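# Summary of the model geometry
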Amino acid sequence: EVQLQASGGGSVQAGGSLRLSCTASGVTFEHFAIAWFRQAPGKEREGVATIDVGDGDTYYDNSVKGRFTISSDNAKNTVYLQMNSLNPEDTAVYFCAARGTSFYTGLDLISGRYYYWGQGTQVTVSS
């Protein structure tokens, strides 16, 4: 059974950094794409970043390009989201999600076509 565990959220002041982790079990890790989504109160869910674990291709929402980096440690079945230069607009519950790479494209970050979801981790950025 596919299981995703997200962790690493917390509270930080503007300009600070956090690193989120998403650990997967029950999958052939290199055959999956992993993505981070976020949802702020009163807002729709939005895609943040995704990585094709097998080939390392990454995609980012324009709002986080240059500030966030997604990476994978295949030996640990873990994907990280390094978040730098955080601002209050980044405050949200962050979720990791997974899908197989068959028919996968980076545009799925926009469509949200991910089939397995982990629990959220809260990120709060204060001024």
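In the block above lies the structure referred to throughout.
Residues numbered from 1 in each chain as written. Predicted model: local features only at pLDDT ≥ 70, side-chain atom pairs only at ≥ 80, totals over all residues. Heavy atoms only, no water.

### Quick look at the pattern of salt bridges
Considering all chains together, one arrives at five salt bridges under this definition. One salt bridge in this structure joins D90 and R38, with 3.0 Å as the shortest N-O distance. Of the two residues, D90 sits in the loop between β8 (78-83) and β9 (92-100) while R38 sits in strand β4 (residues 32-39), which places them 52 residues apart along the sequence. Accessibility expressed as a relative area gives 1% for D90, which makes it buried. Measuring nitrogen to oxygen at the nearest pair gives 2.7 Å for the salt bridge that ties R67 to D90. Highlighted residues: R67 in the loop between β6 (58-60) and β7 (68-73) and D90 in the loop between β8 and β9, separated in sequence by 23 residues. Judged by relative accessible area, which is 15%, R67 ranks as buried. (Salt bridge = Lys/Arg side-chain N within 4 Å of Asp/Glu carboxyl O. Helix = DSSP H or I, 4+ residues; strand = E, 2+ residues; numbered from the N terminus. Buried < 20%, exposed > 50% of the residue type's maximum accessible area, 1.4 Å probe, protein only.)

### Considerations on the nonpolar core
W36, L81, M83 and Y94 are the most contacted members of the largest nonpolar core, which totals 30 residues. Elements that contribute at least two residues to this core include exactly β1 (3-7), β3 (18-25), β4, β5 (46-52), β7, β8, β9 and β11 (121-126). Once residues within four sequence positions are removed from consideration, M83 is found in contact with G16, S17, L18, L20, R67, F68, Y94 and V123. In this structure, A33, F37, A97 and Y104 belong to the second largest nonpolar core, which totals seven residues. (Core = buried A, V, L, I, M, F, W, Y, C linked by side-chain atoms within 4.5 Å. Contact = heavy atoms within 4.5 Å.)

### Observations regarding the sheet that holds β8
Pairing is antiparallel in the open sheet, where four strands are placed in the order β1-β3-β8-β7. Every interior strand has two partners, whereas the edge strands, β1 and β7, have only one. Averaged over all pairs of adjacent strands, the angle between strand axes in this sheet comes to 15°, irrespective of strand direction. Taken together, the six bridges between β3 and β8 define a ladder with antiparallel strand orientation. Residue pairing in the sheet places T23 in a bridge with T78 of β8. (Pairing = 2+ DSSP bridges. Axes fitted to C-alpha atoms, helices over the stretch in contact; angles between N-to-C directions.)

### Some remarks on the pairing of β9
Looking at chain direction, β4 and β9 are connected through eight bridges and run antiparallel. Residue pairing across strands places F32 opposite G100, the latter belonging to β9. By the bridge criterion, three bridges tie β9 to β11 in an arrangement that is antiparallel. Residue pairing across strands places A92 opposite V123, the latter belonging to β11.

### Description of unusual backbone geometry
Of note in this structure, N77 is not a glycine but carries a positive phi near 50°. By secondary structure assignment, the location of N77 is in the loop between β7 and β8.

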